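Letter by letter, the chains look like this.
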Amino acid sequence: MPDPAISIRGLKKTFVGHLSIGRIHALRGVDLEVPSTGIYGFLGPNGAGKTTTLKIVTGLLFPSEGEVRIMGRPAGDNLVRMNLGFLPESPYFYDYLTGEELVTFFGSLFGIPGKELKDRTRLLLDMVGLRGKEKLPLRKYSKGMLQRVGLAQAMVNDPQILILDEPMSGLDPIGRREIRDLILGLKEKGKTIFFSSHILADAEMICDEVAIIVKGKVVQKGRLEELLGKDVRFWDLSFKGPADAEGLPSRHVITSHEGYTMIRLDSEEAVEQAVSELPKRGARIISLVPHKASLEELFLSSIEEREND
Amino acid sequence: MTEKLGALSLLQVRAIMKNTFKEAIRSRIFYILMAFAVTMLGFAVVLSFLTLGSQKRVILDLGLAGISFFSVMTSIFVGIGLIYLEVEKKTIYNVLPKPMPRSNFIIGRYFGLMAVLGTNLLAMLAILSVLLAVFKGFTMAVFQAGLFIYMELAIITAIAIFFSSVASPVLSAICTVSFYIIGHTSSTFPDILVPLLRSPFQKKIATWFFHLLPDLNILNTSNLITYDIPIAEGFTLRALLYTGVFVSLLLLAACLCFRKRDLV
Ligand SMILES: Nc1ncnc2c1ncn2[C@@H]1O[C@H](COP(=O)(O)OP(=O)(O)O)[C@@H](O)[C@H]1O
Ligand SMILES: [Mg+2]
């Protein structure tokens, strides 16, 4: 196993209010490892501690306890940062600059020489769908455009690791799909993508691995197919023929219409029995569809568990 | 690789300076303050007609005073937001995760504003020179005085950026303005306040304390310039040294305070 791209151990963060009054335990011991390839989704409801974690990883905040290592080195290490790209949550930029100037400015912080930087800026702005808007001041950008220029600046150093805080927020459905495709493209190039989201549909489509954080603690983590594949919740079986499911275990007729019937079965034994029994009764099986838990269900049940803690 | 990061630091500071410069010249407040300063120069000319003394002298004195005042205003009011607003507006979230120490950001911001103030100052001194030339009173002392104004700006800006890295703009403004006032009056404290104390011990302590206060009057050349007294080279060097040490210490303090700050 190669070194993880990012490893977070026992991370705690407590915010202390003014005059030390009031404490908010934003992170209560977060552990996770982002492998060096693929897309890692960091999911959780609002206020769970996603942004706080990412800000510690990028060195904007300092942990109260615990440790973050990126490619084996401490967070905030400048050599590591050479290979890091970061998109903050609903990013804010110098609004007196144009899109082009902004990306160029961030590129110059990596010491990318002028000509190369100019070409790369063009390429990146094209890539995030801002062609023709390069010369427009950011003051005139919409929220979605800011998100896009934010992605462009995060990629200006062609980083190995990209950390994106809610990259799809503020975008319309088309924009979301474009960003999803862009992230998938980055994965193909062998990059590590660690992104946070509270929108599960986006995550479910692209993540290889996820961690679910609730109230400052990771409650579920692992490869998506394993987490969801652990339990098939039920099977839908459709057949043509006599609409007689009488005598089949766990039978639950969903529809029955013009000789077609669909029944829902909730155990493997029930499926086995139905599959052997139905043909004997003169029915022809058309389809058997297993339904796994969706990420949403997993998410909601994780939250519930933690709430009841 | 470490050397490479060292060379990179220079590029980064330069990039941040350049960006700070752009920010200023694309903002409205900069032009408002400029307009005030130019109005002030026009006002100096008008007043010079109404006074009995030498017209050139009045334009020179009032002109320099006005330039100094508005430069200090720019320094304070841009300076106090230099770091604070970047955090407040969250624009800093994109900058600091880049491969550089936080101190590069502070230093780049500082010298960026100093570049703005320098350009601004040169423009105003040029206008003043033209006005003086019209009244056949141009003197190189204008630019000598300019150097001293610039040194004062260097100190005030360093104070402002120090407060900006730890406090809100209102608090920073109060502290920086207080500093400015104390800086200009502290040299009179020993003469005025010490005689009010009774015991010699108290007097000694007070005198020491007053010596520790910043003294901006050592950068004040207006009397020398008004009365055409040449400024000694040693005097200029001492002032440069004082400014250099003061600014370095303040920037160091700002960087140290900012190094481990949580940017929430
Ligand atoms: N600067 C701060 N001061 C106090 N509490 C904070 C601060 N930043 C975040 N929090 C709290 O920490 C928790 C986690 O916030 P955050 O990391 O922003 O969550 P998420 O990004 O998952 O929505 C929330 O309860 C939030 O109110
Ligand atoms: Mg967040």
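Engineer: Even after reading the chapter, I still don't get the site of ligand 1, so can you show me in this structure?
Structural biologist: With respect to spatial proximity, the complete set of residues near ligand 1 consists of A:Phe15, A:Ile24, A:Ala26, A:Pro45, A:Asn46, A:Gly47, A:Ala48, A:Gly49, A:Lys50, A:Thr51, A:Thr52 and B:Val264. More than one chain approaches ligand 1, the contributing ones being chains A and B. Here an oxygen atom of ligand 1 sits 2.8 Å away from a polar atom, N or O, in the main chain of A:Lys50. In the environment of ligand 1, an oxygen atom lies 2.6 Å from a nitrogen or oxygen atom belonging to the side chain of A:Thr52.

Engineer: For this particular structure, what's the right way to read the interface of chain B and chain A?
Structural biologist: How large an interface is tends to be reported as the accessible area lost when its parts come together. Facing 33 residues of chain B, the contacting portion of chain A comprises 27 residues. Per-residue buried area on chain B facing chain A is highest for B:Asn94, B:Pro97 and B:Lys98; these three make up 21% of the total on that side. The tally of links from chain B across to chain A stands at three salt bridges. In this structure, the salt-bridge partner of A:Glu101 is B:Arg26, at a minimum N-O distance of 2.9 Å. Connecting chain B to chain A are 20 residue pairs in polar contact (both at pLDDT 80 or more). Among the secondary structure elements, those contributing two or more residues to the side of chain B that touches chain A are helix H1 (2–25), helix H5 (92–95) and helix H6 (102–134) of chain B. Top element by residues in the side of chain B that touches chain A is H1(B). It accounts for nine residues. For the side of chain B that touches chain A, the residue count by class is 17 nonpolar, four polar and 12 charged.

Engineer: It is not clear to me how the sheet that holds strand S6 (residues 84–87) of chain A should be interpreted in this structure. Could you clarify?
Structural biologist: Strand pairing in a sheet takes place through backbone hydrogen bonds and is either antiparallel or parallel in direction. Residues and elements named next belong to chain A. Overall, mixed pairing links the six strands, which are arranged S6-S7-S8-S3-S9-S10 in an open sheet. The open sheet has two edge strands with one neighbour each: S6 and strand S10 (217–223). Taking each pair of neighbouring strands and ignoring which way they run, the sheet shows an average axis angle of 15°. As paired elements, strand S3 (residues 38–43) and strand S9 (residues 209–214) share four bridges and run parallel to each other. Counted as the bridge partner of Gly41 is Val210 from S9. In the packing of helix H1 (residues 50–57) onto the sheet, contacts are made with S3, strand S7 (161–165), strand S8 (192–197) and S9, and the angle to S7 comes to roughly 145°.

Engineer: How should the packing of aromatic side chains be read in this particular structure?
Structural biologist: Throughout the structure, instances matching the rule amount to 15 aromatic pairs over all chains. Between A:Phe105 and A:Phe106, the ring centres sit 5.2 Å apart and the planes meet at 55°, which makes this aromatic pair tilted. With respect to burial, A:Phe105 and A:Phe106 carry one shared label: buried. With a centroid separation of 5.2 Å and 80° between ring planes, the pair formed by B:Phe69 and B:Phe70 is classed as edge-to-face. Owing to a relative accessible area of 39%, B:Phe69 belongs among the partly exposed residues under this scheme. Residue classification places B:Phe70 among the buried residues on the basis of a relative accessible area of 11%. Put simply, the rings of A:Phe93, A:Tyr94, A:Tyr96, A:Phe105 and A:Phe106 touch in pairs and so form one group of aromatic residues. The ring of A:Phe106 is capped by B:Lys98, whose NZ or CZ atom sits 4.7 Å from the centre of that ring. Against the face of B:Phe258 rests B:Arg102, its NZ or CZ located 5.7 Å from the ring centre.

Engineer: Honestly, the pairing of strand S1 (residues 6–16) of chain A in this entry has me stumped. Any pointers?
Structural biologist: Residue and element names in this part refer to chain A. Alignment of S1 against strand S4 (residues 65–70), held across five bridges, turns out to be antiparallel. If you follow Ser7 over to S4, its bridge partner there is Arg69. With nine bridges joining them, S1 and strand S2 (residues 23–34) adopt antiparallel strand pairing. Bridging across to S2, Phe15 finds its partner in Ile24. Following S1, the chain reverses through six residues before pairing antiparallel with S2; Leu19 in that reversal takes a positive phi of roughly 55°.

Engineer: Mind showing me how you'd approach the sheet that holds S2(A) here?
Structural biologist: Residues and elements named next belong to chain A. Taken together, the four strands give an open sheet; going across it, the order is S2-S1-S4-S5, and neighbouring strands pair in antiparallel fashion. Each of the sheet's edge strands pairs with one partner strand only, and the pair in question is S2 and strand S5 (73–74). Contacting S1, S2 and S4, H1 crosses the sheet at an angle of about 115° to S1.

Engineer: Any chance you could explain the coordination of the magnesium ion (ligand 2) here in plain terms?
Structural biologist: Put simply, the ideal angle at a metal is 109.5 degrees for four donors in tetrahedral geometry and 90 or 180 degrees for six donors in octahedral geometry. All names here are of chain A. Around the magnesium ion (ligand 2), the protein supplies Thr51 (OG1) and Glu89 (OE) as donor atoms, at distances of 2.0 to 2.6 Å. Here the residue Thr51 occupies a position in helix H1, and Glu89 occupies one in the loop between S6 and helix H3 (99–108), the gap between them amounting to 38 residues. Accessibility expressed as a relative area gives 23% for Thr51, which makes it partly exposed.

Engineer: Before we go on, may I ask you to explain the domain arrangement of chain A in this structure?
Structural biologist: For chain A, the assigned domains read domain 1 (6–228) and domain 2 (232–292). Relative to domain 2 of chain A, the C-alpha centre of domain 1 of chain A lies at a distance of 46 Å.

Engineer: Quick question: what am I supposed to make of the packing of helix H2 (residues 28–50) of chain B against helix H3 (residues 55–79) of chain B here?
Structural biologist: Axis angle and axis distance: for two packed helices, these are the angle between their axes and the distance between the axes, and together they describe the pair. Residues and elements named next belong to chain B. Interhelical geometry of H2 versus H3 gives an angle of 160° and a closest axis separation of 8 Å. By the angle class used here, H2 and H3 are roughly antiparallel. Crossing of H2 against H3: the hand is right-handed. Contacts from Leu33, Phe36, Ala37, Met40, Leu41, Ala44, Val45, Leu47, Ser48 and Phe49 in H2 reach Gln55, Val58, Ile59, Leu62, Gly63, Gly66, Ile67, Phe70, Met73 and Thr74 in H3. Partitioned by chemical class, the residues of the contact of H2 with H3 number 15 nonpolar, five polar and no charged.

Engineer: What am I meant to see in a nonpolar patch on the surface here?
Structural biologist: Residue and element names in this part refer to chain B. Together, Leu241, Val245, Leu249, Leu252 and Leu256 make up an exposed nonpolar region whose accessible area comes to about 520 Å². Structurally, the position occupied by Leu241 is in helix H12 (residues 233–259). For Leu241, a relative accessible area of 60% puts it in the exposed group.

The rules behind the values
Residues numbered from 1 in each chain as written. Chains lettered and ligands numbered in written order. Predicted model: local features only at pLDDT ≥ 70, side-chain atom pairs only at ≥ 80, totals over all residues. Heavy atoms only, no water. Near = heavy atom within 4 Å. Polar contact = N/O pair within 3.5 Å; in protein donor to acceptor, adjacent residues only side chain to side chain. Contact = heavy atoms within 4.5 Å. Buried area = accessible area lost by both parts, 1.4 Å probe. Salt bridge = Lys/Arg side-chain N within 4 Å of Asp/Glu carboxyl O. Helix = DSSP H or I, 4+ residues; strand = E, 2+ residues; numbered from the N terminus. Nonpolar A, V, L, I, M, F, W, Y, C, P; charged D, E, K, R; others polar. Pairing = 2+ DSSP bridges. Axes fitted to C-alpha atoms, helices over the stretch in contact; angles between N-to-C directions. Phe/Tyr/Trp six-rings, centres within 6.5 Å; stacked < 30°, edge-to-face > 60°. Buried < 20%, exposed > 50% of the residue type's maximum accessible area, 1.4 Å probe, protein only. Lys NZ or Arg CZ within 6 Å of the ring centre and 35° of its normal. Donors = N, O, S within 2.8 Å, 3.2 Å for Na, K, Ca; no water. Domains from an automatic or database assignment. Parallel < 35°, antiparallel > 145°, perpendicular 65-115°, else oblique. Left-handed = near helix turned anticlockwise from the far one by under 90°. Patch = residues over 30% accessible without salt bridge, like charges linked within 9 Å, V, L, I, M, F, W, Y side chains within 5 Å. Areas by Shrake-Rupley, 256 points an atom, 1.4 Å probe, with all protein chains shown as cover.

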